[in-house]
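# Remarks on the overall topology
Here's the letter readout for the chains.
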Amino acid sequence: MIDVDAIVRTRVDEPEKIVRLAQERARPVGLTGRTGRLLIVAADHPARGALKAGARSLAMADRADLLDRLVRALSRPGVDGVLATADIVEDLLLLGALDHKVVIGSMNRGGLAGTVFEIDDRFTAYRPGAIAARGLQGGKMLLRIDPSDPATSQTLENCARMVEELSDLGLMAMVEPFISHRTPEGRLVNELTTEAVIRSATVAAGLASTSAHTWLKLPVVEDMNAVLAATTLPVMLLGGEVAANQSEQFAAWSAALKNPTVRGMAIGRSLLYPPDGEVERAVDSIVEMM
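Below or above, wherever it landed, is the structure these notes cover. (Residues numbered from 1 in each chain as written. Predicted model: local features only at pLDDT ≥ 70, side-chain atom pairs only at ≥ 80, totals over all residues. Heavy atoms only, no water.)

## What about the packing of helix H3 (residues 63–74) against helix H4 (residues 86–94)?
- Two elements in contact, H3 and H4, have axes whose closest approach is 11 Å; the angle formed by their N-to-C orientations is 65°. Once H3 is placed against H4, the crossing between them reads as right-handed. Every residue of H4 that contacts H3 at Arg 63, Leu 66, Leu 67, Leu 70, Val 71 and Leu 74 is listed here: Asp 87, Ile 88, Asp 91 and Leu 92.
- When grouped by side-chain class, the residues that make up the contact of H3 with H4 number 7 nonpolar, no polar and 3 charged. (Axes fitted to C-alpha atoms, helices over the stretch in contact; angles between N-to-C directions. Helix = DSSP H or I, 4+ residues; strand = E, 2+ residues; numbered from the N terminus. Left-handed = near helix turned anticlockwise from the far one by under 90°. Contact = heavy atoms within 4.5 Å. Nonpolar A, V, L, I, M, F, W, Y, C, P; charged D, E, K, R; others polar.)

## Some points on the nonpolar core
- Leu 70, Leu 92, Met 141, Met 265 and Ile 286 are the most contacted members of the largest nonpolar core, which has 73 residues in total.
- Considering each element in turn, this core owes the most residues, 6 residues, to helix H11 (residues 279–289).
- Not counting the four nearest positions on each side in its chain, Ile 286 is found in contact with Leu 39, Phe 250, Trp 253, Met 265, Ile 267 and Leu 271.
- Judged by nonpolar contacts, the second largest core, of 11 residues, contains Leu 38, Ala 42, Ile 104 and Ala 266. (Core = buried A, V, L, I, M, F, W, Y, C linked by side-chain atoms within 4.5 Å. Buried < 20%, exposed > 50% of the residue type's maximum accessible area, 1.4 Å probe, protein only.)

## Regarding H11
- Of all the residues in H11, the buried ones are Val 279, Ala 282, Val 283, Ile 286, Val 287 and Met 289. Summarising the axial view, the buried residues of H11 lie within an arc of 160°, below the 170-degree limit, and thus occupy one face. Residues of H11 that are exposed and point over 90 degrees away from its buried face: Arg 281 and Glu 288.
- At its buried positions, H11 is contacted by strand E1 (38–42), H3, helix H9 (246–257), strand E9 (262–267) and helix H10 (269–272). (Arc of directions from axis to C-beta.)

## A few points about H3
- For H3, built from 12 residues, the straight-helix expectation of 16 Å at 1.5 Å per residue is met to within 8% by its first-to-last C-alpha distance of 16 Å.
- All of the buried residues along H3 are Leu 66, Leu 67, Arg 69, Leu 70, Ala 73 and Leu 74. Projected down its long axis, H3 carries its buried residues within an arc of 160°, all on one side.
- Residues of H3 that are buried make contact with helix H1 (4–13), E1, strand E2 (81–84), H4, H10 and H11.
- Of the residues flanking the start of H3, the one acting as N-cap is Asp 62, its side-chain oxygen 3.2 Å from the backbone nitrogen of Ala 64. (Expected span 1.5 Å × (residues − 1). Polar contact = N/O pair within 3.5 Å; in protein donor to acceptor, adjacent residues only side chain to side chain.)

## A closer look at the packing of H1 against H4
- It is the contact of H1 with H4, at a shortest axis distance of 10 Å, that shows an interaxial angle of 105°. For the element pair H1 / H4, the angle class is roughly perpendicular. Across the interface between the two elements, Ile 7, Thr 10 and Arg 11 of H1 pack against Asp 87, Glu 90, Asp 91 and Leu 94 of H4.
- Residue classes in the contact of H1 with H4 are distributed as 2 nonpolar, 1 polar and 4 charged. (Parallel < 35°, antiparallel > 145°, perpendicular 65-115°, else oblique.)

## Focus on the side chain of Ser 200
- Its location among the elements puts Ser 200 in helix H7 (residues 194–205).
- Ignoring anything within four residues of it in the chain, the contact list for Ser 200 reads Ile 145, Pro 177, Phe 178 and Ile 179.

## Comments concerning the pattern of salt bridges
- Taken as a whole and judged by the stated rule, the model has 20 salt bridges.
- Between Glu 157 and Arg 161 there is a salt bridge; the shortest N-O distance is 3.4 Å. Placement of the pair is Glu 157 and Arg 161 together in helix H6 (residues 151–168), with a separation of 4 residues, close to one helical turn.
- In this structure, a network of salt bridges that share partners links the residues Arg 11, Arg 63, Asp 87, Glu 90 and Asp 91. (Salt bridge = Lys/Arg side-chain N within 4 Å of Asp/Glu carboxyl O.)

## Some details on the environment of Glu 165
- One can find Glu 165 in helix H6.
- Spatially, the C-alpha atom of Glu 165 lies 22 Å from that of Asp 87, the residues being 78 residues apart in sequence.

## Concerning the pairing of E1
- Across the 5 residues of E1, 5 count as buried, placing the element largely inside the fold.
- Residues Leu 38, Ile 40 and Ala 42 line one face of E1 and the alternating positions Leu 39 and Val 41 line the opposite face, and both faces are buried.
- Where E1 and E9 come together, 4 bridges link them in parallel fashion. Looking across to E9, one finds that Leu 38 is bridged to Gly 264.
- Taken together, the 3 bridges between E1 and E2 define a ladder with parallel strand orientation. (Pairing = 2+ DSSP bridges.)

In structure tokens, the structure reads:
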């Protein structure tokens, strides 16, 4: 069980301990582990107000439960690290769960889910300097491109700047692009067609004056080989929503993993909140697949 009281006491009485633990943390040797690919557990959803997993609208709202699931997932052989905002990364540091793990800091969380300003995705979390200072291995940014929303241009410019700054520090820039649009009801949705993902990937790959440290984080769509043929950058497959038919979802991931451009997976809710509730079983299945 996660001792929330101990975490809160440390935050109140010894906040400097968090900085010390970040500095003393054993770093990973490289970005890929024993599978030769990178398996990251994604847990940056709460900072954007996206707490839903499966049928539960507030599944990720219980922090002790989320941390317990993360610690269990990170303890499994073949899991290389975590993607999260500072609050979760620091909780995991206090729990001793991040030694030798690849830690990717989530950067732009300002486009809160369900808001009118969602496409104006400000960098309200990690910045490149803080990622370097805390010994993280890279930063991840969400890039949603809505042709009808002028705020897209500012998000593009900000993402390009962050890719540049991360590269200057020798750190991975993980870019998660989508072509997006508003429904008649005003909800922002991502277009998951093959053509839309190809277009978003090519835009993301061209950000900044170098792509030397850029990885793309892409959804698995119908013609994934066509998507992967559009770039020479390393690609991480994202998990997305918890699927009702998990075997079908796993089959799609397995097929995509056969392409050498795919260098890893960044999966959150599908690993942490699988339909059968068995975190370890879900994680081990992905590791075996990779």
